[in-house]
Amino acid sequence: MEKNDYSIGWEALRKEAVRAAEKEPLLGSLLKQMVIEHSSFELALTAILANRCLFVHEGINLHQAIAEAMERDKSIAQNAMYDLATIVDKDPATGNFLEPFLFYKGYHSLELHRVAHRLWLDGQRYLACYIQSRVSQLYGVDIHPAAQIGKGIFIDHATGLVVGETAVIEDNVSILHGVTLGGTGKETGRRHPTIKRSCLLGAGATVLGNIVVGEGSVIGAGSVVLHAVPPHSIAAGVPATHKGNIAISEPADSMDQIFDDYVI
Ligand SMILES: CC(C)(COP(=O)(O)OP(=O)(O)OC[C@H]1O[C@@H](n2cnc3c(N)ncnc32)[C@H](O)[C@@H]1OP(=O)(O)O)[C@@H](O)C(=O)NCCC(=O)NCCS
């Protein structure tokens, strides 16, 4: 499917939910409330995000807050569909829209961040922080509402992801669990990393400071990156050093985590 083809994605998601409800009737009520009874992807997305974020009643109408943010900013739902299609493309563990939409905490955390970011930009700072705090408590994913995140992002497993206030993640980046995009504690203002498009950040990678990881680069699992990483290269180790250049332009697409497969 063309990732920008929004209506095809929504139709596929709905059909999968109907089929799943027939096959697994015990999930019928969940599938109905989260997908089947809705007339658009935006409404279904609002339902799943509100449901996944607010498990206890705290006197906050989160459903309304999410719906209003999505009404003001159409790119939230557009990017959310693009992210979903990206997961279907990239994740070898799934082959459908329904699973990530209902169950992937990386997906829920990312889309709730998109809502929190809109609220932050619109001056609803405390509501934005409420969402950040709930996502952090529930999923162990702590993304500052001011962080700028592009589309086509795949956050696999997600647990332990930390993204600081001035971090930038461009389009089509893939991120495994335990990644930190943090500050060194020595800088003020712009103090977090920029991850250029199509990078792959291995599990447990820690990237610190106002540095740029160049387009299409790969950071090895468990690395501590303290300096800029050139485009289309591999950095790994503690502290990370240059391990080679990459023959393919989009390592985040292939999700190939074996260096020998593409080092030149
Ligand atoms: C701040 C920090 C990056 C180092 O700052 P520093 O003390 O000024 O050290 P420098 O950057 O000058 O580095 C000194 C040496 O130690 C190495 N080094 C620094 N931090 C390192 C780390 N975390 N692991 C391994 N080596 C490290 C550097 O490569 C450098 O080695 P070299 O002299 O052979 O080139 C480090 O102390 C750190 O990791 N702080 C915690 C930051 C953090 O957790 N942020 C997350 C916020 S969410």
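Once a new chain begins, its residue numbering starts again from 1 and follows that chain's sequence as written. Note on the predicted model: pLDDT of at least 70 is required for a residue's local features to be given, and 80 or more for side-chain atom pairs to be given and counted; whole-chain, interface and lining totals, by contrast, use all residues.

What to know about the overall build of the protein
The following threshold applies: Numbered from the N terminus, helices here are DSSP runs of H or I no shorter than four residues, and strands are runs of E no shorter than two. Throughout, radius of gyration means the C-alpha value; the globule benchmark is 2.2 Å times the number of residues raised to the power 0.38. Working definition of burial: number of other C-beta atoms within 10 Å of the residue's own, with buried at 20 or more, exposed at 12 or fewer, and partly exposed in between, all C-beta atoms being placed from the backbone. For every residue pair, C-beta atoms are placed from the backbone, and the pair is scored as a contact if these atoms sit within 7 Å.
For the protein, the count of helices and strands is nine helices and 15 strands. Since a compact globule built from 264 residues should have a radius of gyration of about 18 Å, the 18 Å found for the protein is in line with a globular shape. The dimensions of the protein, computed from C-alpha atoms along their principal axes, are 50 × 40 × 30 Å. Here the protein holds 264 residues, and the buried ones make up 45% of them. The contacts of the protein with a sequence gap of at least 6 include a subset with a gap of at least 24, amounting to 40%.

Let's talk about the nonpolar core
Put simply, the rule is: For this entry, the nonpolar core is defined as buried Ala, Val, Leu, Ile, Met, Phe, Trp, Tyr and Cys residues connected by C-beta atoms within 7 Å. Note that domain bounds follow an automatic or database assignment of domains.
Ranked by size, the top nonpolar core spans 79 residues in total, and within it Leu84, Val115, Ile131, Cys199, Leu201, Ile219 and Val225 carry the most contacts. If you tally residues by element for this core, the top one is helix α5 (residues 75-90), at nine residues. Three or more residues apiece are contributed to this core by two domains, here domain 1 (1-143) and domain 2 (160-264).

Notes on the site of the ligand
We count it as follows: To decide whether a residue is near a molecule or strand, its C-beta atom is placed from the backbone and checked for lying within 6 Å of it. Amino acids are sorted into nonpolar (Ala, Val, Leu, Ile, Met, Phe, Trp, Tyr, Cys and Pro), charged (Asp, Glu, Lys and Arg) and polar (every other residue, Gly among them).
Contacts to the ligand come from 13 residues, most closely from Gly182, Thr184, Val224, Val238 and Pro239. A breakdown of the residues in the shell around the ligand according to their chemical character gives six nonpolar, six polar and one charged.

Some words on unusual backbone geometry
Residue Pro239 follows Val238 across a cis peptide bond; omega there is -10°. Relative to the elements of secondary structure, Pro239 occurs in the loop between β14 (233-236) and β15 (241-245). In this model, Ser198 sits at a positive phi of 65°, which is unusual for a non-glycine residue. For Ser198, a count of 24 C-beta atoms within 10 Å translates into the label buried.

Here we look at the environment of Ala116
Mapped onto the elements, Ala116 comes out in helix α7 (residues 105-121). A count of 30 C-beta atoms within 10 Å places Ala116 in the buried class. Once the C-alpha coordinates of Ala116 and His157 are considered, the two residues, 41 residues apart in sequence, prove to be 21 Å apart. Setting aside chain neighbours within four positions, we find Ala116 in contact with Ala128, Ile131, Gln132 and Pro145.

A look at the environment of Lys74
Relative to the helices and strands, Lys74 is located in the loop between α4 (62-72) and α5. Taking the C-beta count within 10 Å as the criterion, Lys74 has 10 such neighbours and is therefore assigned exposed. Considering only alpha carbons, one finds Lys74 and Glu42, 32 residues apart in sequence, at a separation of 9.1 Å.

Brief notes about the pairing of β14
The condition that has to hold: Only strands joined by at least two bridges in the DSSP assignment are considered to pair.
Two strands pair when backbone bridges link them, and strand β12 (residues 218-219) and β14 are joined in this way by two bridges, in the parallel orientation. Its bridge partner being in β14, Val218 is matched across the sheet by Ile234. Here β14 hands over to β15 after four residues, with Gly237 in that stretch at a positive phi of 105°.

Topic: the sheet that holds β12
Within a beta sheet, neighbouring strands are joined by backbone hydrogen bonds and run either parallel or antiparallel to one another. If you walk across this open sheet you meet the six strands as β3-β6-β9-β12-β14-β15, and the pairing is mixed. The open sheet has two edge strands, β3 (154-155) and β15, and neither has a second partner.

Here we look at the sheet that holds strand β4 (residues 162-163)
Ordered by their spatial adjacency, five strands build an open sheet running β1-β4-β7-β10-β13, and the pairing between neighbours is parallel. Every other strand in the sheet has two partners, leaving β1 (142-143) and β13 (224-225) as the edge strands with one partner each.

Quick word on the domain arrangement of the protein
Domain annotation of the protein identifies domain 1 (1-143) and domain 2 (160-264). Its C-alpha centre places domain 1 at a distance of 26 Å from the equivalent point of domain 2. Facing the five residues of domain 1 at the interface are seven residues of domain 2.

Brief notes about the packing of α7 against helix α8 (residues 125-139)
Between two packed helices, the angle of one axis relative to the other and the distance separating the axes together describe the packing. Basically, it comes down to this: A fitted line through C-alpha atoms serves as each axis, taken over the contacting stretch for helices, and the angle formed by two N-to-C directions is quoted from 0 to 180°. Any angle between 65 and 115 degrees counts as roughly perpendicular, while under 35 counts as roughly parallel, over 145 as roughly antiparallel, and the rest as oblique. What makes a crossing left-handed is the near helix being turned counterclockwise from the far one by less than a right angle; a clockwise turn instead makes it right-handed.
Running from amino to carboxyl end, α7 crosses α8 at an angle of 165°, the nearest separation of the two axes being 8 Å. With respect to each other, α7 and α8 are oriented roughly antiparallel. Every pair of crossing elements has a handedness; the one defined by α7 and α8 is left-handed. Contact with α7, carried on its side by Lys105, Ser109, Leu112, Val115, Ala116, Leu119 and Trp120, involves Arg125, Leu127, Ala128, Ile131, Gln132, Val135 and Tyr139 of α8 and no other residues of that element. Residue composition of the contact of α7 with α8, grouped by class: 10 nonpolar, two polar and two charged.

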